[in-house]
Amino acid sequence: MTIEAKKVGVVSRILNIEDEELIDAIAASIGLKYDSKESIRNKFPTRIEEKTVLESIIEKQSWKPTDPERIDQIIQQADIQEPIEKLLDDLRS
């Protein structure tokens, strides 16, 4: 029997185990450690927010709204000749 066949046999037996303590013992015997939720959280460079608040995102990213006059200027520079309805239909397609 090859090493690969032995591995497949072992893994298939492990997959059928329903006893969590036995799984933990097997994991410990091969040096596998499970991270607790707290240690996983500590690996992230920033805090994960429970609730996203738009105002806090705007503040953190120093977002500034675009000036309506600047938007009008961009629209004029784009020089779009087609009716807005056709453009919207194209976007929907």
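For clarity, every value in this text was computed on a predicted model and none was experimentally measured.

Here is what the cut-offs are and how they apply
Residues numbered from 1 in each chain as written. Predicted model: local features only at pLDDT ≥ 70, side-chain atom pairs only at ≥ 80, totals over all residues. Heavy atoms only, no water. Salt bridge = Lys/Arg side-chain N within 4 Å of Asp/Glu carboxyl O. Helix = DSSP H or I, 4+ residues; strand = E, 2+ residues; numbered from the N terminus. Buried < 20%, exposed > 50% of the residue type's maximum accessible area, 1.4 Å probe, protein only. Patch = residues over 30% accessible without salt bridge, like charges linked within 9 Å, V, L, I, M, F, W, Y side chains within 5 Å. Areas by Shrake-Rupley, 256 points an atom, 1.4 Å probe, with all protein chains shown as cover. Lys, Arg positive; Asp, Glu negative; His and termini not counted. Charge placed at Lys NZ, Arg CZ, Asp CG, Glu CD.

Participant: Explain the pattern of salt bridges here, please?
Facilitator: When charged atoms on two side chains of opposite charge get close, those side chains can pair. Evaluation of the coordinates by the stated rule reveals 3 salt bridges. A salt bridge links Asp 90 to Lys 86; its shortest N-O distance comes to 3.2 Å. Linking Asp 90 with Lys 86, this pair stays in helix H6 (residues 84–92), spanning 4 residues, or about one helical turn. Since its relative accessible area comes to 41%, Asp 90 is described here as partly exposed.

Participant: Explanation requested: a negative patch on the surface in the structure shown.
Facilitator: A cluster of acidic residues, Asp 19, Glu 20, Glu 21 and Asp 24, forms a negative patch on the protein surface. Note that Asp 19 resides in the loop between helix H1 (3–15) and helix H2 (20–29). Residue classification places Asp 19 among the partly exposed positions, given a relative accessible area of 42%.

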